[in-house]
Amino acid sequence: MYNAICAFLLVLASPFLLALSFGRKYKVLLNDELGNSRISSENSRIPSKNQPKNSILARFFLLNNPALKPCDFYFHACSLGEVSTIEPFVKALQKEAKSVRITVCTATGYARAREFCDEVAFLPFECFLPFWLKECKTLVVFEAELWLNLFACAKKQGAKVILLNARLSQSSLPKYRRFLRYYKTLFSYCDLVLAQSESDAKRLEILGAKNLKVLGNVKSALLPRPSKKLSSNYEHIIVLASSHEGEEKGILEFLRLKKGEQLIIAPRHPQRFSAVCELVRGWAEKNNYSSQCFSKNTDLKAQVVVMDSLGELINIYAIADVVILAGSFSAGIGGHNPFEPASFNCGIISGAFFHNQKVLYSKVKGIKIAGDFRAAALLAHEKFSSQITQSCDFNDILEQIKG
């Protein structure tokens, strides 16, 4: 019955999905399309011309999205940030000659996963999974990707099923409880739930989760290192990091750079790079600041720089003084990972909406919360730092995955 309902819903939604697929955010950008991408088509599992070009067409219509081969470990993570988090675990298993496969939901997640794994695909919609999914010894699902058929099909094929870095905010719990039967069924196929906190574990238990262990947030287990050394001659570097639509405009409305200050803006999604470059160019001209896009000039000499290249944010954090951590100035996103800038002792400014990152925020000392864009812009001129006070153990988590 569940598969029939999913198939019916897919038929109904198909015209909308096809129209949506023309959006830039769903296009898979590889090699020269990203300019500085580290993806190598030589390491691809399929020829470049047959690689998926669009996340919606791959997920909902299986276009250029063949089933992955049977494997030892199968990881599923939604998008770029989550994929980056599982990378060290995948590499550790690969060093032990274990076969690893990855599925994702977004185009940016696919591009990121291809950098360190040969076998990558988009996770198909639920009604396709019973015949698409191949056998694996262990399925590891990251955070809140609670797809019933993913759990059920893997378990029926004999896999050990793990929910890694599991979280559920208090504000989201009532919404999940409306579908309690669905989640109780899903968790009946889950062998191990590794929760971020005791509070998350208690809320997940309400939904039917069993065999819960609290190991902390996986994102704190192994902090990323810069891939290259960047340099800037400015005395005070302000970074607007992982910004979403409306956040750049909100900050720029109130921010006026002083002598010796530099602003670097790193949009969260690559499909917005061009629009942000145009916005910043106009703002810089109006205020007599020099500006540049990093993809065209990497010397960081301009007073305002748009980081329109993927894979550079950690390198920017390494030279930053203050980071305005975006995704936290409106209720719909829930914040981003503060551990990355905190690992370089950057001063961190956040909006008030970080409900998806509360556990990580509680482990970082010195984050300043700004009630609005004006407050954030004023704080950006200050010199202060943040420090990580607690992190979890990478090897402990890896042992749990290996069983």
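Caption draft 1: Focus on the packing of aromatic side chains. Scanning all chains against the criterion turns up 10 aromatic pairs. Relative to Phe373, the ring of Phe329 lies with its centre 5.0 Å away and its plane at 25 degrees, an arrangement referred to as stacked. In this pair, Phe329 is assigned in the loop between strand E12 (322-325) and helix H13 (339-342) and Phe373 in helix H15 (residues 373-379), connecting sequence segments 44 residues apart. Looking at Lys368, its charged tip hangs above the ring of Phe384, at a distance of 4.4 Å from the centre.

Caption draft 2: Expanded view of the nonpolar core. In terms of nonpolar packing, the biggest core is built from 35 residues, with Phe75, Phe89, Ile102, Leu164, Ile397 and Ile401 touching the most fellow members. No other element matches the 6 residues that helix H3 (residues 80-95) contributes to this core. Those residues within four positions of Ile401 in sequence are excluded, and the remaining contacts are Phe73, Phe75, Phe89, Thr138, Val140, Ile162 and Leu164. Ranked by size, the runner-up nonpolar core spans 34 residues in total, among them Leu146, Phe151, Ala154 and Ala159.

Caption draft 3: Structural detail: the environment of Ser295. Secondary-structure assignment places Ser295 in the loop between strand E10 (291-293) and strand E11 (304-306). In this structure, the C-alpha to C-alpha distance between Ser295 and Met307, residues 12 residues apart in sequence, is 7.4 Å. Polar contacts involving the side chain of Ser295 include one to the side chain of Asp308, which spans 2.5 Å.

Definitions and limits used
- Residues numbered from 1 in each chain as written.
- Predicted model: local features only at pLDDT ≥ 70, side-chain atom pairs only at ≥ 80, totals over all residues.
- Heavy atoms only, no water.
- Phe/Tyr/Trp six-rings, centres within 6.5 Å; stacked < 30°, edge-to-face > 60°.
- Helix = DSSP H or I, 4+ residues; strand = E, 2+ residues; numbered from the N terminus.
- Lys NZ or Arg CZ within 6 Å of the ring centre and 35° of its normal.
- Core = buried A, V, L, I, M, F, W, Y, C linked by side-chain atoms within 4.5 Å.
- Buried < 20%, exposed > 50% of the residue type's maximum accessible area, 1.4 Å probe, protein only.
- Contact = heavy atoms within 4.5 Å.
- Polar contact = N/O pair within 3.5 Å; in protein donor to acceptor, adjacent residues only side chain to side chain.

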